[in-house]
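# Inside the fold
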Amino acid sequence: MATTLDKDKALDRVAKLLAHADSARTIGSLAEAETFAAVAHRMMAEFHISMSDVEHTAYEAAEPVGDRSVAGDDFGYAASTRRLPWVLSLASAVAVAHFCRAFGSQGSNAIRVIGPATDREQAIRVFLSLMWARDALGRKEYTRFRREGLGTSGFWTGWNRGFVAGVREKVEAERARVRQDLLECTALVRLDGALARVDGHVARTLRIVQLHSAGSRGDDEAYRRGHAAGRGSSFGHGGELGA
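Residues numbered from 1 in each chain as written. Predicted model: local features only at pLDDT ≥ 70, side-chain atom pairs only at ≥ 80, totals over all residues. Heavy atoms only, no water.

Nonpolar side chains tend to gather and get buried jointly when the protein is soluble and globular. With 27 residues, the main nonpolar core has Phe 75, Val 87, Leu 90, Ile 111, Val 113 and Phe 127 as its most contacted residues. Elements with a contribution of two residues or more to this core: helix H4 (85–97), strand S3 (108–116), helix H5 (117–147) and helix H6 (155–181). Looking at which element gives the most residues to this core, the answer is H4, with 9 residues. Excluding residues that lie within four positions of it along the chain, Ile 111 makes contacts with Arg 68, Ser 69, Val 70, Phe 75, Val 87, Leu 88, Ala 91, Ala 102, Phe 103 and Ser 105. (Core = buried A, V, L, I, M, F, W, Y, C linked by side-chain atoms within 4.5 Å. Buried < 20%, exposed > 50% of the residue type's maximum accessible area, 1.4 Å probe, protein only. Helix = DSSP H or I, 4+ residues; strand = E, 2+ residues; numbered from the N terminus. Contact = heavy atoms within 4.5 Å.)

Structure below.
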């Protein structure tokens, strides 16, 4: 039986053989193309490699892991050394849903998102969209609070933390659903591998800033309403969340 290392090497070799076959076919060298393809297919059969495995390897080569900083100004907070744990908690939930990670930045309230370029940019778009939705919905709910004669002193603390909690619960529920659907499928290995690849990059290259939430969660009713808004948010990776 082939080891994982053997299969990884074979997968890399197959990808190169198929690339050579495509190149040969492009210049009209059909016999050469067929030879490359035949060798590739024999290796695929020997090592139980599927075309989806090959395509995933090509994707990883084309989408190296990198990072991008999102400034506080981009999500509605002036640049500052004061970091808000609930903002990082929201960014982290969205990042995981897109096979990425998010961390605080040393000495600023910026958020660093780490992952493959396409996934990373999508995660940032969704994070910013949720931040603005949180603010817009919160302002409407704040007005209702006042009309209902409810105290507003702890409103924003409760609303923000509730909203983030709702989003995180939605992410966890979707991750559990996806993993259950893929329980007997090799795609589950790829989903786990996507985050493992990002985590490897983080461990090698970054000094991590961890933020810990502390203090009261704010007004209970504001938390409840924020939580419902977060659970009702719409986001994901192609309509689904990453495992």
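Still more ground to cover, so stick around.
Here helix H2 (residues 30–47) contains 18 residues, and its C-alpha end-to-end distance of 26 Å stays within 8% of the 26 Å for a straight helix at 1.5 Å per residue. Taken together, the buried positions of H2 are Ala 33, Ala 37, Ala 40, Met 43, Met 44 and Phe 47. An end-on view of H2 places all buried positions within 125° of arc, on one side of the element. Facing away from the buried side of H2, by more than 90 degrees, are the exposed residues Ala 31, Glu 34, Arg 42, Ala 45 and Glu 46. (Expected span 1.5 Å × (residues − 1). Arc of directions from axis to C-beta.)

On to the side chain of Glu 63, then. Mapped onto the secondary structure, Glu 63 falls in the loop between helix H3 (51–62) and strand S1 (65–70). Classification of Glu 63 by relative accessible area gives buried; the value is 13%. Looking at Glu 63, its side chain comes within polar contact range of the main-chain nitrogen of Ala 117, at 3.1 Å. (Polar contact = N/O pair within 3.5 Å; in protein donor to acceptor, adjacent residues only side chain to side chain.)

Another point: the sheet that holds strand S2 (residues 101–105). One open sheet accounts for 3 strands, arranged S1-S3-S2; its pairing is antiparallel. Where the open sheet ends on each side, the last strands, each with one partner, are S1 and S2. Neighbour-to-neighbour, the strand axes of this sheet turn through a mean angle of 25°, independent of strand direction. Bridge analysis of S2 against S3 gives 5 bridges, and the strand direction is antiparallel. Looking at S3, one finds that Gly 104 is bridged to Ile 111. Sitting on the sheet, H5 is in contact with S1 and S3, with an inclination near 140° to S3. (Pairing = 2+ DSSP bridges. Axes fitted to C-alpha atoms, helices over the stretch in contact; angles between N-to-C directions.)

With that settled, the discussion passes to the packing of aromatic side chains. Tallying each qualifying case throughout the model produces 8 aromatic pairs. Ring geometry for Tyr 142 against Trp 156: centres 6.4 Å apart, planes inclined by 15°, an arrangement best described as stacked. One end of the pair, Tyr 142, is in helix H5; the other, Trp 156, is in helix H6, and 14 residues separate them in sequence. For Trp 156, a relative accessible area of 29% puts it in the partly exposed group. Three or more aromatic residues joined by ring pairs make a cluster, and in this case those are Tyr 142, Phe 145, Phe 155, Trp 156 and Trp 159. (Phe/Tyr/Trp six-rings, centres within 6.5 Å; stacked < 30°, edge-to-face > 60°.)

It is worth spelling out the pattern of salt bridges at this point. Taken as a whole and judged by the stated rule, the model has 13 salt bridges. Asp 22 is the partner of Arg 25 in a salt bridge, and the nearest nitrogen-oxygen pair spans 3.1 Å. Linking Arg 25 with Asp 22, this pair stays in helix H1 (residues 4–26), spanning 3 residues, or about one helical turn. Here Asp 22 falls in the partly exposed class, since its relative accessible area comes to 45%. The shortest N-O distance in the salt bridge between Glu 174 and Arg 177 comes to 2.9 Å. Placement of the pair is Glu 174 and Arg 177 together in helix H6, with a separation of 3 residues, close to one helical turn. The exposure class assigned to Arg 177 is partly exposed, which follows from its relative accessible area of 32%. Salt bridges linked by common partners bring Glu 141, Arg 144, Glu 148, Glu 221, Arg 224 and Arg 225 together as one network. (Salt bridge = Lys/Arg side-chain N within 4 Å of Asp/Glu carboxyl O.)

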